[in-house]
Each structure stands twice: as structure tokens, then as C-alpha cells.
Amino acid sequence: KNEVEQSPQNLTAQEGEFITINCSYSVGISALHWLQQHPGGGIVSLFMLSSGKKKHGRLIATINIQEKHSSLHITASHPRDSAVYICAVRNSGYALNFGKGTSLLVTP
Amino acid sequence: NAGVTQTPKFQVLKTGQSMTLQCAQDMNHEYMSWYRQDPGMGLRLIHYSVGAGITDQGEVPNGYNVSRSTTEDFPLRLLSAAPSQTSVYFCASRPPRTSGRGETQYFGPGTRLLVL
């Protein structure tokens, strides 16, 4: 099983700060996903990466395949970004292995 | 599109009772999955299906059954509920990787289950 580690576990930031959440995994992968879980519990997919970098609005995701590491960056953070951010990896098959999540609180 | 829907939103069971968690999607996705989410742990795969009539076990299948008679529906059955099955259950769907429609996972809103 691919072990997925996220850091930090909890993060508090002030509105406007640049935020980085990290994800490391133990075995080579076919794809890496970043997900957002809202305080109400719903889960939405933010990015799927197999290489390089992707950007959507204020969110940027990068992956370094050689180092088995991915980062999720949030620029100009806002209180509505408060959520749990989850990293998940897929090896060659169907199943995803999930990290435990990073709980982000952005204060005004 | 309604996306992925789950019912019920919340359920309380007594030990030994059985029940079915419903999941449906209207996006014509071949792949569907059931996950459970427990405090301090990542989402764990219970069962999945790659198409109608095809199901397979995930990481934590014991105590659960699934079937996939149509593309749209993927119910999860608890055969004899136990307190260890108290959890939040998420259903998800996505197109196959080879479809060219990406592999974005779409999640249902979740079902909170309490087994007493």
C-alpha cells in the first residue's frame, strides 16, 4: 500500500497569507489528487496531477515525481478557504490511497 | 445533473440490524466506489465497481456487500451492523481513465451512520 503523509496536520493563517500544504508518498504513482472537504462534510476534487504544475484561480498544485512529493499552494488566502485538504494517490490500478488531511483555518 | 446522490443522510442502527445505503449518479460514469471516513484516518475504500455487473473488494470490505445492476446505482449493504461500522460513508464516481474524460472523482454528500 502506498503510504501518504501530509504536513502540516493543522494550519492557521491570516487572511491574505500564502499557504503551502505538502504531500509525500512512498511508492511511484500514476496520478495524484488534491481534494477539498468543506466544514459541512462535502468533498470536491481540486486537481489531478501526473506531472508538473496546475493552476486554478488562487490554487496551484505541483508534483515532483522523482522526490515523490506534491504541494498545494493557496495565494491570497481567504476565510472561505477554510477546509480540510486531502491528498490521494493512485498507483497503477483503480484504488486511491488517501492522506489523513490538513485542516486549514484562515482568520479575517 | 444531480451528480452523485446518497440516501439517507443520517441513520442510527442497533447492533445486528441490516440496512442499505443508496448511491446513484446521473453522469454515466462507469467507475463507482464506496469509502468510509473515520476520525484520524484517511478515506478507506470498501468496495468498487468498474461497470454494471462488475464489483471488487477494496481495503476494508468485511461486513459489507455491494451489487451493480445498472450504471446509475451502487448500493452498499450492511449485513449485520456492528459498532465498528459507525462512520461517515461516501460514494464516489468517475469516468474510466481511457475515456478521455479525465479521472476527476465526484463525491456524494455522505451518510453518517451510528451503530449502537
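The residue numbers shown here count from 1 along each chain, following its written sequence. Chain letters and ligand numbers both follow the written order, the letters beginning at A and the numbers at 1. In keeping with the predicted nature of the model, local features appear solely for residues at pLDDT of at least 70, side-chain atom pairs appear and are counted solely at 80 or more, and the whole-chain, interface and lining totals rest on all residues. To get the side-chain values, take all heavy atoms of the structure and skip hydrogens and water.

## A word on the packing of aromatic side chains
Two aromatic rings, drawn from Phe, Tyr or Trp (for Trp, its six-membered ring), form a pair once their centres lie within 6.5 Å of each other, and the interplanar angle then sorts them: stacked below 30 degrees, edge-to-face above 60, tilted otherwise. Summed over the entire model, instances satisfying the criterion amount to 5 aromatic pairs over all chains. Centre to centre, the rings of tyrosine 35 of chain B and phenylalanine 107 of chain B are 6.1 Å apart; their planes meet at 35 degrees, and the pair counts as tilted. Within this pair, whereas tyrosine 35 of chain B is found in strand β4 (residues 31–37), its partner phenylalanine 107 of chain B is found in strand β10 (residues 106–107), the two being separated by 72 residues in sequence. Just as tyrosine 35 of chain B is buried, phenylalanine 107 of chain B falls in that class too. These aromatic residues form a ring-pair network of at least three members: Tyr94 of chain A together with Tyr31 and Tyr48 of chain B. For the cation-ring pair, arginine 68 of chain B lies above phenylalanine 74 of chain B, with the distance from its terminal atom to the ring centre recorded as 5.9 Å. Here a strand is any run of E in DSSP of at least two residues, a helix any run of H or I of at least four, and the numbering for each starts at the N terminus. To sort residues, take the accessible area from a 1.4 Å probe on protein chains only and compare it with the maximum for the residue type: under 20% means buried, over 50% means exposed, and anything in between is partly exposed. Only when the NZ of Lys or the CZ of Arg is both within 6 Å of the ring centre and within 35 degrees of the ring normal is a charge said to sit over the ring.

## Things to note about the environment of phenylalanine 18 of chain A
Residues and elements named next belong to chain A. In this fold, phenylalanine 18 is placed in the loop between β2 (10–14) and β3 (19–25). Classification of phenylalanine 18 by relative accessible area gives exposed; the value is 54%. Here the alpha-carbon distance between phenylalanine 18 and isoleucine 65, two residues 47 residues apart in the chain, equals 24 Å. Contacts are residue-level and defined by heavy atoms, with any inter-residue pair within 4.5 Å sufficient. Among residues more than four places away in sequence, those in contact with phenylalanine 18 are His73, Ile74 and Thr75.

## Brief notes about the interface of chain A and chain B
Facing 19 residues of chain A, the contacting portion of chain B comprises 19 residues. At the boundary of chain A with chain B, total buried surface from both sides reaches about 1,600 Å², with 58% on carbon and sulfur atoms. Taken as a group, Ile43, Tyr94 and Phe98 of chain A account for 43% of the area that chain A buries against chain B, more than any other trio of residues on that side. In what follows, salt bridge is the name for a side-chain nitrogen of Lys or Arg lying within 4 Å of a carboxyl oxygen of Asp or Glu. At the junction of chain A with chain B, the criterion picks out 1 salt bridge. Note that arginine 90 of chain A and glutamate 103 of chain B form a salt bridge whose closest N and O atoms lie 2.8 Å from each other. The definition of a polar contact used here is a pair of N or O atoms within 3.5 Å, where within protein one atom must be able to donate a hydrogen and the other to accept one, and adjacent residues in sequence count solely through side-chain atom pairs. At the junction of chain A and chain B, the tally comes to 4 residue pairs in polar contact (both at pLDDT 80 or more). A 1.4 Å probe defines the accessible area here, and the buried area is the portion of it lost by two parts on being joined, summed over both.

## Things to note about the sheet that holds strand β8 (residues 69–74) of chain A
Residue and element names in this part refer to chain A. In space, the 5 strands of this open sheet follow the order β1-β3-β8-β7-β6, with antiparallel pairing throughout. Each edge of the open sheet is held by one strand with a lone partner, namely β1 (4–7) and β6 (52–56). Between one strand axis and the next, the sheet turns by 15 degrees as a mean value, whatever way the strands run. At least two DSSP bridges between two strands are required for those strands to pair. Here β1 runs beside β3; their pairing, made up of 4 bridges, is antiparallel. Bridge pairing links glutamine 6 to cysteine 23 in β3. In this analysis an axis means a line fitted to C-alpha atoms, helices contributing only their contacting stretch, and an angle means the value between N-to-C directions, from 0 to 180 degrees.

## Thoughts on the side chain of serine 33 of chain B
Tracing the backbone through its elements, the reader meets serine 33 of chain B in strand β4. Reaching out from serine 33 of chain B, the side chain makes a polar contact with the side chain of tyrosine 94 of chain A at a distance of 2.2 Å. Excluding anything up to four places from it in sequence, serine 33 of chain B contacts Tyr94 of chain A together with Leu45, His47, Tyr48, Phe74, Phe90, Cys91 and Ala92 of chain B.

## Some words on the pattern of salt bridges
All names here are of chain B. Applying the stated criterion across every chain yields a total of 4 salt bridges over all chains. With a closest N to O distance of 2.8 Å, aspartate 38 and arginine 44 form a salt bridge. Residue aspartate 38 shares its accessibility class with arginine 44, and that shared class is buried.

## Let's talk about the nonpolar core
Joining through side-chain atoms within 4.5 Å is the link that ties buried Ala, Val, Leu, Ile, Met, Phe, Trp, Tyr and Cys residues into a set, and such a set is a nonpolar core. Core analysis: the biggest nonpolar cluster contains 22 residues, and Ile19, Leu32, Trp34, Leu72 and Tyr85 of chain A have the highest contact counts within it. Contributions of two or more residues to this core are made by β3, β4 (31–37), β5 (43–49), β7 (59–64), β8, β9 (83–90) and β11 (102–107) of chain A. The next biggest cluster of nonpolar side chains, apart from the first, holds 20 residues, and it includes Val4, Leu21, Val66 and Leu78 of chain B.

## Notes on the confidence of the model for chain A
Detailed reading of the predicted coordinates is not advisable wherever pLDDT is low. Scored by pLDDT, chain A has a mean of 93; 100% of the residues are at 70 or more. No element of chain A has a lower mean pLDDT than strand β10 (residues 96–98) of chain A, which averages 91, and none a higher one than β8 of chain A, which averages 98. The score called pLDDT rates the predictor's confidence residue by residue, from a low of 0 to a high of 100.

## Some details on the sheet that holds strand β7 (residues 64–66) of chain B
Note on sheets: strands pair through backbone hydrogen bonds, and any given pair is parallel or antiparallel. Residue and element names in this part refer to chain B. Here we have 4 strands laid out as an open sheet, ordered β1-β3-β8-β7, and antiparallel in their pairing. A strand with exactly one partner marks an edge of an open sheet, and here the two such strands are β1 (4–7) and β7. Strand-to-strand, the axes of this sheet are offset by a mean angle of 20 degrees, without reference to chain direction. Relative to strand β3 (residues 19–25), β1 is paired through 4 bridges, and the arrangement is antiparallel. The residue of β3 that forms the bridge with threonine 5 is alanine 24.

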